[in-house]
Amino acid sequence: MPSAVTPGTWLDRMPKSVQPYLYLTRIDKPIGTWLLFWPCAWGITMASYSAHLPWTSTLSTIGLFGVGAVIMRGAGCTINDLWDRNIDKKVERTKVRPLASGAVTPTQAVAFLGLQLGAGLAVLTQLNLYSILLGASSLSLVVTYPAMKRITYWPQVVLGLAFNWGALLGSSAMLGAANWPVALPLYASGVCWTLVYDTIYAHQDKKDDVKIGVKSTALRFGEKTPEFLAAFSTGMVSMLALAGYMNDQGPLFYALSVGGAAAHLAWQLKTVNYENPADCWSKFASNKWTGALVFSGIAGDYLHQLMM
């Protein structure tokens, strides 16, 4: 494997022949998987709460979606790197990625992507037909997202639409069809959340992005980023509260999910340094705890219901 691929993670103990493919999936950086997984867990558990479903089916479905999140996050990274392999060579942070460095060829990456999508399909077909069709319909967002960085300063919107699809799919997986009055505001909440965390993420590369012509909300918002992200944080919390209201959630949801998310987002926006790439990464990665806080209130209400 070329020396351009950054060493120093647990992946370096894996066989040399598979290391480039594992790096391609970014499995050593699980934050992307968490961000994809949490909306799934929210949707599943809120649906179970509303329909008084047994914990066994809820837990097994969460586990299934967890496996799916690992697989499809990896597939999304492969798709993204195929699109961006020439751009990644020009960006300091991404020039060591397997396709940009030459550790994996485009042909090899396409073949690997076929395996990833096949594995994702195997997970998806464990669900009901409604959910299979709903899940498959999200693939167009996954494939087109990387192109949006070349077209619009709002690619984070498309990323949000793709990354939070699990809020819809989790509902339909448990109920046989999506409960739209709950699922749609939950989905909108997730999209607003993505606009917050991925704008912070995009500030890492803004200097390189200007040079190579890549667009992002970080560049669109510029010095007004704090104001925009405050608005999207408000949208995230408001839509989350609406989803809870439509689902007849209990007090734990409002205290832990809504209150916890609001507090964590406020902390991020108050302390982030948009000119410090390391701090932008740290704040971005901390969003796994935002997702966990939202889940804790939903799960708390559900467990309380089970014990009644």
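Residues numbered from 1 in each chain as written. Predicted model: local features only at pLDDT ≥ 70, side-chain atom pairs only at ≥ 80, totals over all residues. Heavy atoms only, no water.

1. Description of the overall build of the protein
Item 1. Scanning the protein from terminus to terminus reveals 16 helices and zero strands.
Item 2. Counting only C-alpha atoms and orienting by the principal axes, one finds that the protein spans roughly 60 × 45 × 35 Å.
Item 3. Taking all 308 residues of the protein together, 53% fall into the buried category.
Item 4. Of all intrachain contacts in the protein linking residues separated by at least 6 positions in sequence, the fraction that spans at least 24 positions is 73%.
Item 5. Split by element, the accessible area of the protein, about 13500 Å² in all, is 68% carbon and sulfur. (Helix = DSSP H or I, 4+ residues; strand = E, 2+ residues; numbered from the N terminus. Buried < 20%, exposed > 50% of the residue type's maximum accessible area, 1.4 Å probe, protein only. Contact = heavy atoms within 4.5 Å. Areas by Shrake-Rupley, 256 points an atom, 1.4 Å probe, with all protein chains shown as cover.)

2. Topic: the UniProt feature "transmembrane region" (unreviewed entry) in the protein
Item 1. Sequence positions flagged by UniProt for "transmembrane region" (unreviewed entry) are, in local numbering, residues 55–75, 96–115, 127–145, 157–178 and 184–202.
Item 2. Between the end C-alpha atoms of residues 157–178 the distance is 22 Å, and the span holds 82% helix and 0% strand.
Item 3. As annotated, residues 184–202 comprises 100% helix and 0% strand, and the C-alpha atoms at either end are separated by 26 Å. (UniProt positions renumbered as here; feature names shortened; annotations may be inferred.)

3. A few points about the packing of aromatic side chains
Geometrically, a pair of aromatic rings is defined through the distance of the ring centres and the angle of the planes.
Item 1. Enumeration over the complete set of coordinates arrives at 17 aromatic pairs.
Item 2. Geometrically, the ring pair formed by W154 and F221 is edge-to-face, given 5.3 Å between the ring centres and 70° between the ring planes. Note that W154 is positioned in the loop between α7 (139–151) and α8 (155–163) and F221 in helix α12 (residues 217–221), a separation of 67 residues in sequence.
Item 3. Note on W154: relative accessible area 29%, which makes it partly exposed.
Item 4. Exposure remark for F221: the relative accessible area of 3% places this residue in the buried category.
Item 5. In this structure an aromatic cluster arises from ring pairing among W42, W193, Y197, Y201, W281 and F284.
Item 6. Lying across the ring of W281, K29 places its NZ or CZ 5.9 Å from the centre.
Item 7. Seen from the ring of Y153, K215 lies directly overhead, with NZ or CZ sitting 5.6 Å from the centre. (Phe/Tyr/Trp six-rings, centres within 6.5 Å; stacked < 30°, edge-to-face > 60°. Lys NZ or Arg CZ within 6 Å of the ring centre and 35° of its normal.)

4. Observations concerning the side chain of T61
Item 1. Here T61 shows up in helix α3 (residues 55–88).
Item 2. By relative accessible area, which is 12% here, T61 ends up buried.
Item 3. Apart from the residues within four sequence positions on either side, T61 is in contact with I44, A173 and M174.

5. Structural notes on the packing of α3 against helix α5 (residues 106–124)
Item 1. At a closest axis distance of 9 Å, the pairing of α3 and α5 adopts a crossing angle of 155°. Between α3 and α5, the crossing angle belongs to the class labelled roughly antiparallel. The handedness of the crossing between α3 and α5 is left-handed. Note on element contacts: α5 touches α3 through P106, A109, V110, F112, L113, Q116, L117, A119, G120 and V123, opposite L64, V67, G68, I71, M72, G74, A75, T78, I79, L82 and R85. (Axes fitted to C-alpha atoms, helices over the stretch in contact; angles between N-to-C directions. Parallel < 35°, antiparallel > 145°, perpendicular 65-115°, else oblique. Left-handed = near helix turned anticlockwise from the far one by under 90°.)

6. Things to note about the confidence of the model for the protein
Detailed reading of the predicted model is not advised wherever pLDDT is low.
Item 1. Summarising the model, the protein shows a mean pLDDT of 93, and 97% of its residues fall at 70 or more.
Item 2. For residues 1–7, every residue scores under 50 in pLDDT, and the model assigns this stretch 17 contacts once sequence neighbours within four places are set aside. (pLDDT = per-residue confidence, 0-100.)

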